[in-house]
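This is what each chain is made of:
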There are 2 protein chains.
Amino acid sequence: MNKRIQIKDLLKQAGKVASLSGFVEKIRDQKSIQFVIIRDKSGRVQVTVFKPDLPEIAEQFTSITVGSVVEITGKVVAAPNVKLGGIEIVPQTVTVLSLAKLSPIDDQTGPDLAMDYRWIDLRSDKNQAIFKVMTIGEMAFREWFIKNDFTECHTPKITAFPSEGGAEVFEVKYYGQKAYLTQSPQLFKQMAMAAGFEKFFEIGSQYRAEKSYTNRHASESFYCDFEISYIRDHHEVMDTLESAIKHVHKVVEKQCKDILRDQIGVDFKAQTTKFPRITLAESYALLKKERNYDVPRASKGDLDPEGERLLCEIAKEKWNSDFIFITDFPAQVRAFYSMRHDGDSTLCKSFDLLYKGLEITSGAQREHNPDRLRENLVAKGINPKDMEFYVQFFEYGCPPHGGVGFGLQRFFARLMDQPAIRDTTFLQRSPDRLAP
Amino acid sequence: MNKRIQIKDLLKQAGKVASLSGFVEKIRDQKSIQFVIIRDKSGRVQVTVFKPDLPEIAEQFTSITVGSVVEITGKVVAAPNVKLGGIEIVPQTVTVLSLAKLSPIDDQTGPDLAMDYRWIDLRSDKNQAIFKVMTIGEMAFREWFIKNDFTECHTPKITAFPSEGGAEVFEVKYYGQKAYLTQSPQLFKQMAMAAGFEKFFEIGSQYRAEKSYTNRHASESFYCDFEISYIRDHHEVMDTLESAIKHVHKVVEKQCKDILRDQIGVDFKAQTTKFPRITLAESYALLKKERNYDVPRASKGDLDPEGERLLCEIAKEKWNSDFIFITDFPAQVRAFYSMRHDGDSTLCKSFDLLYKGLEITSGAQREHNPDRLRENLVAKGINPKDMEFYVQFFEYGCPPHGGVGFGLQRFFARLMDQPAIRDTTFLQRSPDRLAP
């Protein structure tokens, strides 16, 4: 192999001989000339084979299939009329690195078959761009956390205890014992607060054995979680989350605006305005006043999908915000570890964040008093003995703390206006998909 | 709660009233005076209670236990004879945020009991420093990858297929189906090459149901994996790995030299010299010549732990290197997907990296020709049909590629001279440990 030049850098090589490697994307075979489009991660280039001059290479290309991977050494020729960079390659040697069978999918393929051949599906400009944006966006989250003195730890995903009550967990055979995949690092990140970490974050996998087939759910997801100590209340958690998201928006706008527009069709603008915060009670009043909408009785104490959608519409109109925090949910609809208000123990110091019509995360200040945790468990009908492994984290001293976790696929699907989290997932895991 | 000042910033507040919060680390109760040491993530400070002046606060401290979390508002007084920063706090109010029971562990506790109460064990200066260094070191790996245009993806940890042959996998009940936890993202990162990602990395969890009780193994580990396309051979994988590690060393030296020395007792120096590379055959000759050592017959085709240790000693003496690459292992001891040498098909384009006496990773160029993969499977006694889900990734065009994966706990245990990977693991998972 010669030294490979990336296609985007070939323009500087005009007049010289260079080597490139990539996938054969298109072959147009005419009477006396072949045009072959080669693609690598950086771009596309046209290889022009004038048959009378290069009969052997022309013959070679008749047996090379679309999708094959080739190495081409040739002269880089300025060709102002060629759309791809104004150059073409006149080949001297062509080496087939990998010969492809005919692809079973194309632009017209439905999502299910495309998922069966996800590695071919991922080759599209749009899919390459989606994972590029997510790489940069996730890195921006980390940058923000680390700049702000957070410690990152990897918590175990196998646990002896079903994390939040027991339903919807995957069971693992663990050396003859029964174990489970964690639904969230909730218990462990709270443990990190008892360990004195003060500021903790983790990006890792989470599991939910939910027979859910919506566009918003997956059996295996990748989450960003953080937890912070010595907070006054849940508003400090919201402050932290809002700052982190705004940093990510800024970085994505700076580094990805062009590929978001050109490859994904999204005109992205970083949000710099404050995320509005209203209580759940205020959100009901706002829905009534602005849209004459009543949250259905079955969803009382929470929001229904239509209510979430409308609140985001209103937030955009009134506060020019794609985000809105809904705060102070009834204790009965939140987890036992949410801290209750001093003044009104029916409400807890909790919040949801909505983003472009959809809830993307729930957070709260946590109860760190072991006796009150046991009371909360009893009130939820859970035997405190079953959660004693968790309650003990707070027996030996633990600062007041709170935090939040949010699915990265869901967050970035919103950011890039993609309808399904399948679009922002490398390989989907759902009740009916376990392969490839 | 008042606005909290971190202890390290209190020095600037001398003469003022300030609020701090932290764990009570020590209480020395004398006849007319109490000295209380408070600790937060940033440092320690002494609170001095002169009993005749502050009888109520003195009374309060008689019922506050070590390990409790308190908020203290008081006057910051310059006290040059106080070792902790030359200040002391004269309290005005003390609020108990969390009252601690007596800790079941102390400095003398053995590792097993310490692991049972890991959240208390993690409070030590040394453990806090270990996770700080790992946060910065892991971030440095990412920075290097992203600066060099790698895409990060999260691959699934649940799979329908036991990844590398079938043994030592954890089984998961997946909606009535049998599934497994992945031993590595090997197959998926190779899939990413077939998808045209060219440069892929992931930091994520890996599972091995190995009944192994050594200091080097865990049932759940956190790995850094990368894979790159269009390589000539395995030496380009080694070049990449060496550059990434040197960047991490540089960042750790710059940002962590002090805490490594003061809290962990390690005098860290970034390695800037080249990592030597010798073939396995050369390593046998070197061991014979320099140490008169023969690798035992049972380990032939590979290295035994003593051979690894001695080679690292020799590398340090001869090349001033803590690292040494051993290359070109026999195909029979490596995985079926390792590419064989053109000239000698009994050897493959593979390598191990040793670091301070221990193997920390194995890598290779991979075979990307589906027919040769099937031949390799047959030679290993594996039915190619069982691996067809994997071989198909290479049927529709795939660039030549190679990569490597290494456990972060093991890498950082070496870097920080910690004997056991338990020391660089937040919560250990092993055959006899599933809690907390």
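As shown above, the structure is provided for reference.
No experiment lies behind these values; they were computed from the predicted model shown.

Our next topic: the overall build of chain A. Check the secondary structure of chain A and you find 11 helices and 16 strands. Projecting the C-alpha coordinates of chain A onto the three principal axes gives extents of approximately 90 × 60 × 40 Å. Taking all 436 residues of chain A together, 60% fall into the buried category. Restricting to contacts in chain A with at least 6 residues of sequence separation, those with at least 24 account for 64%. Total accessible area on chain A is roughly 17700 Å²; 49% of this is exposed by carbon and sulfur atoms. Of the charged side chains in chain A, 60 are positive and 60 negative, and the gap between their average positions amounts to 4 Å.

All names here are of chain A. Orientation of helix α7 (residues 280-291) relative to helix α8 (residues 305-319), taken along the N-to-C sense of each, is 75 degrees, at an axis distance of 10 Å. In terms of axis orientation, α7 runs roughly perpendicular to α8. Residue-level inspection shows Ser283, Leu286, Leu287, Glu290 and Arg291 of α7 in contact with α8, the latter providing Gly307, Leu310, Leu311, Glu313, Ile314, Glu317, Lys318 and Trp319. Across the contact of α7 with α8, the residue classes break down as six nonpolar, two polar and five charged.

All names here are of chain A. Counted by the stated rule, this structure contains 84 salt bridges over all chains. The residue Arg277 makes a salt bridge to Glu242 at a minimum N-O spacing of 3.7 Å. One end of the pair, Arg277, is in strand β12 (residues 277-279); the other, Glu242, is in helix α6 (residues 234-262), with 35 residues separating them in the sequence. Take Arg277: its relative accessible area is 22%, and that puts it in the partly exposed class. Residue classification places Glu242 among the buried residues on the basis of a relative accessible area of 7%.

To continue, consider the packing of aromatic side chains. One pass over the structure, following the stated rule, counts 66 aromatic pairs over all chains. A ring pair is formed by A:Phe170 and B:Tyr175, whose centres lie 5.5 Å apart and whose planes are at 85 degrees; its orientation type is edge-to-face. Here A:Phe170, found in the loop between β7 (158-159) and β8 (171-174), pairs with B:Tyr175, found in the loop between β8 (171-174) and β9 (177-181), and the two come from separate chains. Pairing A:Phe197 with B:Phe426 gives two aromatic rings, centres 6.0 Å apart and planes at 70 degrees, and the pair type is edge-to-face. Of the two residues, A:Phe197 is situated in the loop between α5 (186-194) and β10 (199-207) and B:Phe426 in the segment after α11 (408-415); the pairing between them involves two chains. The two residues A:Phe197 and B:Phe426 agree in class, both being buried. Sitting above the plane of the A:Phe329 ring, A:Arg334 keeps its charged end 4.3 Å from the centroid.

The transform that puts chain A on chain B rotates by 180 degrees and translates by 0.0 Å along the axis, for an RMSD of 0.1 Å. The transformation just described matches what one would write down for a two-fold rotation axis. Closest to the rotation axis within chain A is the C-alpha of A:Val172, separated from it by 2.3 Å.

Between chain A and chain B, the residue contacts involve 99 residues of the former and 99 residues of the latter. Carbon and sulfur atoms make up 63% of the area that chain A and chain B hide from each other, which totals about 8600 Å². Its largest share of buried area at the contact with chain B, chain A owes to A:Trp119, A:Tyr175 and A:Tyr396, together 11% of the area lost on that side. When the shortest N-O distance is used, the salt bridge between A:Lys41 and B:Asp149 registers 3.8 Å. Across the chain A-chain B interface, the total number found is 42 residue pairs in polar contact (both at pLDDT 80 or more). With nine residues, helix α4 (residues 125-147) of chain A is the single largest residue contributor to the side of chain A that touches chain B. Looking at the side of chain A that touches chain B, its residues break down into 54 nonpolar, 20 polar and 25 charged. In this structure, β8(A) lies alongside β8(B), joined through two bridges in antiparallel fashion. Residue pairing in the sheet places A:Val172 in a bridge with B:Val172 of β8(B).

It is worth spelling out helix α1 (residues 55-62) of chain A at this point. Residue and element names in this part refer to chain A. If you check which residues of α1 are buried, you get Ile57, Ala58 and Phe61. Along α1, the residues classed as buried sweep out an arc of 105 degrees about the axis, all on the same side. Opposite the packed face of α1, turned more than 90 degrees from it, sit the exposed residues Pro55, Glu56, Glu59 and Thr62. On its buried side, α1 packs onto β1 (17-29), β2 (33-40), β3 (43-50), β4 (69-78) and β5 (87-98).

A word on the sheet that holds strand β7 (residues 158-159) of chain B. With antiparallel pairing, the six strands of this open sheet are ordered in space as β7(A)-β9(A)-β8(A)-β8(B)-β9(B)-β7(B). Strands at the two margins of the open sheet, each flanked by one partner only, are β7 of chain A together with β7 of chain B. Judged from the four bridges that link them, β8(A) and strand β9 (residues 177-181) of chain A form a sheet pairing that is antiparallel. Across the sheet, the residue bridging to A:Tyr174 is A:Gln177, located in β9(A).

So, on to the environment of B:Pro400. Residue position: B:Pro400 is located in the loop between α10 (388-391) and β16 (401-407). Linking B:Pro400 and B:Gly22, residues 378 residues apart in sequence, is a C-alpha distance of 55 Å.

Next up on the list: the packing of α4(A) against helix α11 (residues 408-415) of chain A. Residues and elements named next belong to chain A. Two elements in contact, α4 and α11, have axes separated by 11 Å at closest approach and are oriented at 115 degrees. Along this stretch, α4 crosses α11, giving a crossing that reads as right-handed. Listed contacts from α11 to Met134, Gly137, Glu138 and Phe141 of α4 are Leu408, Gln409, Phe411 and Phe412. Broken down by class, the residue content of the contact of α4 with α11 amounts to five nonpolar, two polar and one charged.

Residue and element names in this part refer to chain B. Of note, Ala281 is situated in helix α7 (residues 280-291). The exposure class assigned to Ala281 is exposed, which follows from its relative accessible area of 57%. For the pair Ala281 and Thr327, spaced 46 residues apart in sequence, the C-alpha to C-alpha distance is 8.8 Å.

This next bit is on the environment of A:Ala160. Of note, A:Ala160 is situated in the loop between β7 and β8. Note on A:Ala160: relative accessible area 22%, which makes it partly exposed. Along the sequence, A:Ala160 and A:Tyr174 sit 14 residues apart, while their C-alpha atoms lie 9.2 Å from each other. Apart from the residues lying within four places of it in its own chain, the contact partners of A:Ala160 are A:Tyr180 and B:Leu434.

All names here are of chain A. Ordered in space as β6-β10-β11-β16-β15-β14-β13-β12, the eight strands form an open sheet in which the pairing is mixed. Two strands bound the open sheet, and with one partner strand each, they are β6 (151-152) and β12. As judged from the six bridges shared by strand β15 (residues 358-366) and strand β16 (residues 401-407), these two strands associate in the antiparallel manner. Each bridged residue has a counterpart across the sheet, and for Ala364 the counterpart in β16 is Gly403. Strands β11 (220-229), β12, β13 (323-327), β14 (350-355), β15 and β16 of the sheet are contacted by α6, whose axis makes an angle of about 25 degrees with β14. Relative to the sheet, α7 contacts β12 and β13, its axis offset from that of β12 by approximately 95 degrees.

Cut-offs used in this document
Residues numbered from 1 in each chain as written. Chains lettered and ligands numbered in written order. Predicted model: local features only at pLDDT ≥ 70, side-chain atom pairs only at ≥ 80, totals over all residues. Heavy atoms only, no water. Helix = DSSP H or I, 4+ residues; strand = E, 2+ residues; numbered from the N terminus. Buried < 20%, exposed > 50% of the residue type's maximum accessible area, 1.4 Å probe, protein only. Contact = heavy atoms within 4.5 Å. Areas by Shrake-Rupley, 256 points an atom, 1.4 Å probe, with all protein chains shown as cover. Lys, Arg positive; Asp, Glu negative; His and termini not counted. Charge placed at Lys NZ, Arg CZ, Asp CG, Glu CD. Axes fitted to C-alpha atoms, helices over the stretch in contact; angles between N-to-C directions. Parallel < 35°, antiparallel > 145°, perpendicular 65-115°, else oblique. Nonpolar A, V, L, I, M, F, W, Y, C, P; charged D, E, K, R; others polar. Salt bridge = Lys/Arg side-chain N within 4 Å of Asp/Glu carboxyl O. Phe/Tyr/Trp six-rings, centres within 6.5 Å; stacked < 30°, edge-to-face > 60°. Lys NZ or Arg CZ within 6 Å of the ring centre and 35° of its normal. Least-squares fit on C-alpha atoms with pLDDT ≥ 70 in both. Buried area = accessible area lost by both parts, 1.4 Å probe. Polar contact = N/O pair within 3.5 Å; in protein donor to acceptor, adjacent residues only side chain to side chain. Pairing = 2+ DSSP bridges. Arc of directions from axis to C-beta. Left-handed = near helix turned anticlockwise from the far one by under 90°.

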